[in-house]
Amino acid sequence: ERHSLPEALSKLAIESADQLIAVWRQALVIRAATPVSFAGRMVAALSASGNEALRELEDQKFFSISPSEVVTLCFQPRQDPPGPGPEHLLLHVLDVRTVYDFQVGHLP
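A quick note: this is a predicted structure, and the numbers were derived from the prediction, not measured.

So, how was this worked out
- Residues numbered from 1 in each chain as written.
- Predicted model: local features only at pLDDT ≥ 70, side-chain atom pairs only at ≥ 80, totals over all residues.
- Heavy atoms only, no water.
- Helix = DSSP H or I, 4+ residues; strand = E, 2+ residues; numbered from the N terminus.
- Buried < 20%, exposed > 50% of the residue type's maximum accessible area, 1.4 Å probe, protein only.
- Contact = heavy atoms within 4.5 Å.
- Areas by Shrake-Rupley, 256 points an atom, 1.4 Å probe, with all protein chains shown as cover.
- Arc of directions from axis to C-beta.
- Salt bridge = Lys/Arg side-chain N within 4 Å of Asp/Glu carboxyl O.
- pLDDT = per-residue confidence, 0-100.

Draft legend 1. Spatial organisation of the overall build of the protein. When its secondary structure is counted, the protein shows six helices and zero strands. Counting helices and strands in the order they occur from the N terminus, the protein gives α-α-α-α-α-α. In the protein, buried positions account for 10% of the 108 residues. Across the protein, the fraction of contacts at a sequence separation of at least 24, relative to all contacts at a separation of at least 6, is 44%. With an accessible surface of roughly 9600 Å², the protein has 63% of that area assigned to carbon and sulfur atoms.

Below is the structure:
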């Protein structure tokens, strides 16, 4: 729940270097699994003045991402142990190219 986030964050405590390293490693795993386009939107929303940009971001149901990002997300090497990754991400791909661009990208 969003309203309980401040309380949950205030209860977090890192009490050792080993715990800090573990948290940092998990953060890197999550960051690697986060689509670049989403991370960019978050940075823009958080750096915008006021909360309006963040509210707009929260209201969005779908995000557009580049074809190269789709390929990257679908063909990432498997993690050991498995972490957040493409299997936790639902992609709906809409091909919005023109007929000409579609035909150029296909073999006869």
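Resuming the write-up.
Draft legend 2. Focus on the side chain of S37. Counting through the fold element by element, S37 comes out in helix α3 (residues 36-47). For S37, the contacting residues outside a window of four places in its chain are S64, I65 and E69.

Draft legend 3. Seen up close, helix α5 (residues 67-74). Residues E69, V70 and L73 constitute the buried set of α5. Seen from one end, α5 has its buried residues packed into an arc of 105°, which puts them on one side. In α5, the exposed residues that point more than 90 degrees away from the buried face are P67 and S68.

Draft legend 4. Structural detail: the pattern of salt bridges. Taken as a whole, this structure holds one salt bridge when the rule is applied. The closest approach of N and O atoms between K11 and E7, which form a salt bridge, is 3.1 Å. Residue K11 is classed as exposed on the basis of its relative accessible area of 62%. According to the relative accessible area criterion, E7 is partly exposed, its value standing at 47%.

Draft legend 5. Here's a closer look at the confidence of the model for the protein. Per-residue confidence for the protein averages 75 on the pLDDT scale, and 76% of its residues sit at or above 70. Confidence, read as mean pLDDT per element, is least for helix α4 (residues 52-59) in the protein (73) and greatest for helix α2 (residues 17-33) (87).

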